[in-house]
Amino acid sequence: MPKTLRLILGDQLNSNHSWFKDKNDDTLYLMMEIRQETDYVRHHIQKIVAFFLAMRNFAEFLKQEGHKVLYITLDDLANQQDLVKNLKRIIIEENIELFEYQFPDEYRLDKQLSDFCIESGIQSWAYDTEHFLTKREYLANFFNGKKSYLMESFYREMRKKFNILMDGEAPLTGRWNYDQENRNKLKDPLLLLPAPTYAKDVSQLIHMIQSEGIKTIGKIEPTHFEWPVSREESLKLLEHFCQYLLPHFGKYQDAMYTGDPFLFHSRMSFSLNTKMISPLEIVQKVEKYWLEHQDRINIAQVEGFIRQVIGWREYMRGIYWAKMPEYAQLNYLTHKRKLPDFFWTGRTKMNCMKHAIGQSLEKAYAHHIQRLMVTGNFALLAGIDPDQVDQWYLGVYIDAIEWVEITNTRGMSQFADGGIVGTKPYVCSANYIDKMSDYCSSCQYDKQKKVGDNACPFNTLYWHFYHRNQDKLAKNPRIGMMYRTWEKMNGRKEILDQAEVYLANLEDL
Ligand SMILES: Cc1cc2nc3c(=O)[nH]c(=O)nc-3n(C[C@H](O)[C@H](O)[C@H](O)COP(=O)(O)OP(=O)(O)OC[C@H]3O[C@@H](n4cnc5c(N)ncnc54)[C@H](O)[C@@H]3O)c2cc1C
Ligand code: SF4
């Protein structure tokens, strides 16, 4: 057996990977904390802490299992803070003859590693991560020759292929999709339950990150860090989700509420994206739990959750590999404005934005509708440069890794891909935000007004967005109605004038 080096990246913490079935003294596992990864955007402090802690726990687990592990900490004096430089050094120092790695999920790392293998000439081999339901190229093949990439047809295929909520070839309950039933506002805060916590003291880790001069955003409670950072904690979180949150998940999936940032969302995204837990085991557990508790959990809750995990998540990954690297440059609506400073501070008079941003900075988390219909919606209506929007999302969220961040942000949220992910832009005025949240009732802006003092900026910018993008959007059959409403609307000039004033003074909103 040649002396082998196996690289494990920070989001490849899959303890069930076939690599770990056998132990071999000639195999050295390598993990590293490097500035290359902490500094490619400015990250939330909780994101860096969570990654390092989860990596350290994983390295410890491998050692306990009897594997040989070399773990390079950020403050190791020999650490060259660059993936390739560290690899070259270890390969020489350890007399490595064979280099093995798992396919990275990010294009930049994939390219960096394949370039390294070619340039160094070392004998090498790349493995699947054994995490996703599909291979990278599956979605592109699935939609080959089709005009559009419809998520729903991909999702149904996943349900069939993995026999999830199925009765033979038909959906188990006779319906594929319960989306229409997942749109309730939270009216009863008594339903809310305290979040499970895995409180840890991370003061030392924060000290190391700060002493090394890494610039971060957001807040952290050093003695009370709550995100799950091991497989055990991820499994506990899943158990908690099934027991307490799943019964309400679908119904309040789109709700927003000032009193609770998490509501009935699972908070599984960090555990999933670092591969501490697999999508298939999550949905199988959720399906089983539902089958055993149908007296208190209805199918709409369960289907809504399963659709996110084996539908949207898997679909986004497929889009990423079908469309990168060009995808990262797309800017269909040619948006160029600068991201307002309040995205970094939360200081804005718009109550919905203040809450969604404030909570993101405090918790490194916002749920899907806050990301899509509040912050993302505002950025799209205001015409912010998608590069800057991407950087904000990539930095601020605990679960942000490019393959799933960029497809959601540039694609679903900013329509910068011109309709690959979504068939129309996700935009809304105060009407929708008020319908789904308690934000508007305590806002300085007036949710009813489009013009005049304190008119809600969303109402004004909404029509400006449609007006200025008429040549690109009016022919879209899903939007035609909006243009007919706009054409008949009174006071169009006043709305457009007010929007121009708002756009010229975004920082003051
Ligand atoms: C603009 C924008 C940016 C986003 N950036 C990210 C990101 O960087 N990383 C990320 O994991 N998700 C991202 N999402 C998707 C979604 O918002 C998060 O996955 C979710 O909020 C994570 O919280 P949760 O685990 O409590 O999710 P839940 O609501 O409990 O959902 C369960 C799981 O379904 C998956 N899921 C749900 N929606 C999506 C989706 N649209 N795409 C992919 N997976 C989904 C996630 O793995 C999630 O953990 C983004 C969405 C938008 C609109
Ligand atoms: S009134 Fe407008 S700005 Fe205020 S919370 Fe509602 S949607 Fe947001």
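Each remark here, short or long, concerns the structure printed above.
Residues numbered from 1 in each chain as written. Chains lettered and ligands numbered in written order. Predicted model: local features only at pLDDT ≥ 70, side-chain atom pairs only at ≥ 80, totals over all residues. Heavy atoms only, no water.

Novice: Mind showing me how you'd approach the pattern of salt bridges here?
Specialist: When charged atoms on two side chains of opposite charge get close, those side chains can pair. Evaluated as defined, the whole model comprises 25 salt bridges. Put simply, E37, E106 and R108 are held in one network by salt bridges that share partners. (Salt bridge = Lys/Arg side-chain N within 4 Å of Asp/Glu carboxyl O.)

Novice: Explanation requested: unusual backbone geometry in the structure shown.
Specialist: If a residue is not glycine, its phi is most likely negative; likewise, a peptide bond is most likely trans. A cis amide bond links M324 with the next residue in sequence, P325, at an omega value of 5°. Here P325 shows up in the loop between α11 (299-323) and α12 (342-345). Positive phi, normally seen in glycine, also occurs at L263, with a value near 50°. Judged by its relative accessible area of 3%, L263 is buried. (Helix = DSSP H or I, 4+ residues; strand = E, 2+ residues; numbered from the N terminus. Buried < 20%, exposed > 50% of the residue type's maximum accessible area, 1.4 Å probe, protein only.)

Novice: Please clarify how the packing of aromatic side chains should be interpreted in this entry.
Specialist: For any pair of aromatic rings, geometry is given as the distance between the ring centres together with the angle between the planes. The full count for this structure, using the stated rule, is 41 aromatic pairs. Aromatic pair W392 and Y393: ring centres 5.0 Å apart, planes at 85°, arrangement edge-to-face. The two residues W392 and Y393 agree in class, both being buried. The residue whose ring lies beneath K146 is F142, and the NZ or CZ to ring-centre distance is 5.9 Å. When the ring centre of F132 is taken as origin, the NZ or CZ atom of R317, which lies over that ring, is 3.8 Å away. (Phe/Tyr/Trp six-rings, centres within 6.5 Å; stacked < 30°, edge-to-face > 60°. Lys NZ or Arg CZ within 6 Å of the ring centre and 35° of its normal.)

Novice: Even after reading the chapter, I still don't get helix α14 (residues 368-381), so can you show me in this structure?
Specialist: The α-helix winds at 3.6 residues per turn, so residues separated by three or four positions along the chain end up facing the same way. At T375, α14 shows its largest bend, some 30°. In terms of residue burial, α14 counts as a mostly covered element, since 13 of its 14 residues are buried. Directly beyond the C-terminal end of α14, a positive phi value near 70° is found at G383. (Bend = angle between axes of the 7 residues up to and from the residue.)

Novice: So what exactly am I meant to see when it comes to the site of ligand 1 here?
Specialist: For ligand 1, the set of nearby residues contains 28 residues, the closest of which are H265, S266, R267, N273 and Y365. Backbone polar atom of R267 to an oxygen atom of ligand 1: 2.7 Å apart, as the coordinates give it. Within the side chain of Y365, an N or O atom sits 2.7 Å from an oxygen atom of ligand 1. (Near = heavy atom within 4 Å. Polar contact = N/O pair within 3.5 Å; in protein donor to acceptor, adjacent residues only side chain to side chain.)

Novice: When you look at the nonpolar core in this model, what are you seeing that I'm missing?
Specialist: Nonpolar side chains in soluble globular proteins tend to be buried together. Judged by nonpolar contacts, the single largest core of 155 residues is most densely connected at V49, V286, Y315, M353 and F378. Discounting chain neighbours no more than four positions away, the residues touching V49 are V202, L205, I206, I209, I220 and F225. Judged by nonpolar contacts, the second largest core, of 21 residues, contains L5, L83, Y101 and L109. (Core = buried A, V, L, I, M, F, W, Y, C linked by side-chain atoms within 4.5 Å. Contact = heavy atoms within 4.5 Å.)

Novice: What is the right way to look at the pairing of strand β2 (residues 27-32) in this model?
Specialist: Side-chain positions along a regular strand alternate between the two faces of the sheet. Most of β2 sits out of view: 6 of its 6 residues are buried. Looking at chain direction, strand β1 (residues 4-7) and β2 are connected through 4 bridges and run parallel. When the sheet's bridge partners are listed, L7 is paired in β2 with L30. In the sheet, β2 pairs with strand β4 (residues 68-72) via 5 bridges, with the strands oriented parallel. Directly across from M31, in β4, lies its bridge partner Y71. (Pairing = 2+ DSSP bridges.)

Novice: How should the pairing of strand β6 (residues 123-127) be read in this particular structure?
Specialist: As paired strands, strand β5 (residues 98-102) and β6 are joined by 5 bridges and run parallel to one another. Its bridge partner lying in β6, Q102 is registered against Y127. As for the winding sense of the linkage, the β-α-β connection from β5 through helix α4 (residues 107-120) to β6 is right-handed. (Right-handed = clockwise from strand over helix to strand, strands pointing away.)

Novice: In this structure, what is going on with the packing of helix α18 (residues 457-468) against helix α20 (residues 480-488)? I would like to understand it.
Specialist: The relative placement of two packed helices comes down to the angle between their axes together with the axis-to-axis distance. Between α18 and α20, whose axes approach to 11 Å, the crossing angle comes to 110°. As the angle between them shows, α18 and α20 are arranged roughly perpendicular. For the pair α18 and α20, contact is made by Y462, W463, Y466 and H467 and by M482, Y483, T485 and W486, respectively. (Axes fitted to C-alpha atoms, helices over the stretch in contact; angles between N-to-C directions. Parallel < 35°, antiparallel > 145°, perpendicular 65-115°, else oblique.)

Novice: Just checking my understanding: could you explain the packing of helix α10 (residues 279-292) against α11 for this structure?
Specialist: One can describe the packing of α10 onto α11 by two numbers: an axis separation of 10 Å at closest approach and a directional angle of 170°. As summarised for this structure, α10 and α11 are arranged roughly antiparallel, according to the angle between their axes. Facing P279, I282, V283, V286, E287 and W290 of α10, the residues of α11 in contact are I299, V302, F305, I306, V309, I310 and R313. Its residues assigned to classes, the contact of α10 with α11 shows 11 nonpolar, no polar and 2 charged. (Nonpolar A, V, L, I, M, F, W, Y, C, P; charged D, E, K, R; others polar.)

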